[in-house]
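Working through the structure, step by step
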Amino acid sequence: MKVSPDDFMPLKLLGKGSFGEVYLVRQIGTDTLYAMKVLSKSKILGQNLLRYAKTERDVLSYTVHKFIVALNYAFQTKTKLFLILDFCPGGDLGRLISKYGKISEDRAKLYLSEVLLALEDLHSRDIIYRDLKPDNVVIDNEGHALLTDFGLSKEGVLEVNEGAKSFCGSVAYLSPEMLKKAGHGKSVDWYLLGVLLYEMLVGKTPYFSDSK
């Protein structure tokens, strides 16, 4: 089935990033809601980030897992790239932590277990995620946690501790091996899982400081 932007009715803006936006959309002719990620080709090409957009599309195109957001359609126009993803109405963990200060221990254990299963699935296929943080964990309509945003993922990583060299990630979530630029592997995701648990329970990252 060939689809285009004309097949989706934008309802509201869900989020905005440096290279595009995410909208809540309804597929025309149905009641089905999706999250539509729209990336600007000029911004991606201008900052040499095409490989990240391609990685996200590629990883999601062959990933089917209960705790990973599904890619339903991917297409492009002359100026934009479109990813049509499952819509998770519960928002992301970052917003929940901002709203409530912290997550209850029972709920944090549930979310952690589900993210753990998602990471194990990725690692079994030699993919590392590398960008685990509350903003990239969304909650579906049944209250389950799903991984989203795979732009920084890397395929073909066979080693636990080495295999990737690039320096990437969000400042508050950089692992020691990433900071040392010593090479990293699947273990980087386990470090970030610990940071995620800490932030859910405490309400801030482990090494948070108001002073640089």
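Residues numbered from 1 in each chain as written. Predicted model: local features only at pLDDT ≥ 70, side-chain atom pairs only at ≥ 80, totals over all residues. Heavy atoms only, no water.

Let's talk about the overall build of the protein
Heads up, the rule is: Helix and strand definitions here come from DSSP, where helices need a minimum of 4 consecutive H or I residues and strands a minimum of 2 consecutive E residues; each element is numbered from the N-terminal end. Residue exposure (1.4 Å probe, protein chains only): buried if accessible area is under 20% of the type maximum, exposed if over 50%, otherwise partly exposed. The contact criterion used throughout is that any non-hydrogen atoms of two residues lie within 4.5 Å. In short, Shrake-Rupley with a 1.4 Å probe defines the accessible areas, and a residue's cover is counted only from the protein chains shown.
The secondary structure content of the protein amounts to 6 helices and 9 strands. Sorting the 212 residues of the protein into buried and exposed places 46% on the buried side. Contacts in the protein between residues far apart in sequence, at least 24 positions, make up 58% of those at least 6 positions apart. Total accessible area on the protein is roughly 11600 Å²; 52% of this is exposed by carbon and sulfur atoms.

Let's talk about the sheet that holds strand S5 (residues 80-86)
Quick reminder of the rule: The pairing criterion is simple: DSSP has to find at least two bridges between the two strands. As a rule, the C-alpha atoms of each element are fitted with a line to give its axis, helices using only the stretch in contact, and angles between N-to-C directions run from 0 to 180 degrees.
A sheet is described by the order of its strands in space; here 5 strands give the open sequence S1-S2-S3-S5-S4, paired in antiparallel fashion. Each edge of the sheet is formed by a strand with only one pairing partner; in this case those strands are strand S1 (8-16) and strand S4 (71-76). Along the sheet, successive strands turn relative to each other by an average axial angle of 25 degrees, direction set aside. Sheet topology places S4 next to S5; 5 bridges connect them, and they run antiparallel. Its bridge partner lying in S5, Tyr-73 is registered against Ile-84.

Focus on the pattern of salt bridges
Where charged atoms from two side chains of opposite charge approach closely, those side chains can pair. Which entries qualify depends on this criterion: Here, a salt bridge means any side-chain nitrogen of Lys or Arg that lies within 4 Å of a carboxyl oxygen of Asp or Glu.
The final tally for this structure, using the stated rule, is 7 salt bridges. Measuring nitrogen to oxygen at the nearest pair gives 2.7 Å for the salt bridge that ties Lys-54 to Asp-58. Note that Lys-54 and Asp-58 are positioned in helix H2 (residues 50-61) at a spacing of 4 residues, about one turn of the helix. For Lys-54, a relative accessible area of 46% puts it in the partly exposed group.

Here we look at the packing of aromatic side chains
Each pair of aromatic rings is reported with the distance of its centres and the angle of its planes. The cut-off we apply is this: Side-chain rings of Phe, Tyr and Trp (the six-membered ring for Trp) are treated as a pair once their centres are within 6.5 Å; stacked means planes under 30 degrees apart, edge-to-face means over 60, and tilted covers the remaining angles.
For the structure shown, the criterion picks out 6 aromatic pairs. Between Phe-8 and Tyr-34 the ring centres are 6.2 Å apart and the planes differ by 80 degrees, which places this aromatic pair in the edge-to-face class. Of this pair, Phe-8 sits in strand S1 while Tyr-34 sits in strand S3 (residues 33-40); the two residues are 26 residues apart in sequence, bridging distant segments of the chain. With a relative accessible area of 4%, Phe-8 lands in the buried category. With centroids separated by 6.2 Å and ring planes inclined at 10 degrees, the aromatic side chains of Phe-8 and Phe-75 adopt a geometry described as stacked. One end of the pair, Phe-8, is in strand S1; the other, Phe-75, is in strand S4, with 67 residues separating them in the sequence. Residue Phe-75 is classed as buried on the basis of its relative accessible area of 12%. Through successive ring pairs, a cluster of aromatic residues spans Phe-8, Tyr-34, Tyr-73, Phe-75 and Phe-82.

With respect to a nonpolar patch on the surface
Which entries qualify depends on this criterion: To count toward a patch, a residue needs a relative accessible area above 30% and no salt bridge. Like charges then connect within 9 Å, nonpolar side chains (Val, Leu, Ile, Met, Phe, Trp, Tyr) within 5 Å.
A surface patch of nonpolar side chains, amounting to about 340 Å² of accessible area, comprises Met-9, Leu-11, Ile-28 and Leu-33. Among the secondary structure elements, Leu-33 is positioned in strand S3. Overall, Leu-33 belongs to the partly exposed group, its relative accessible area being 35%.

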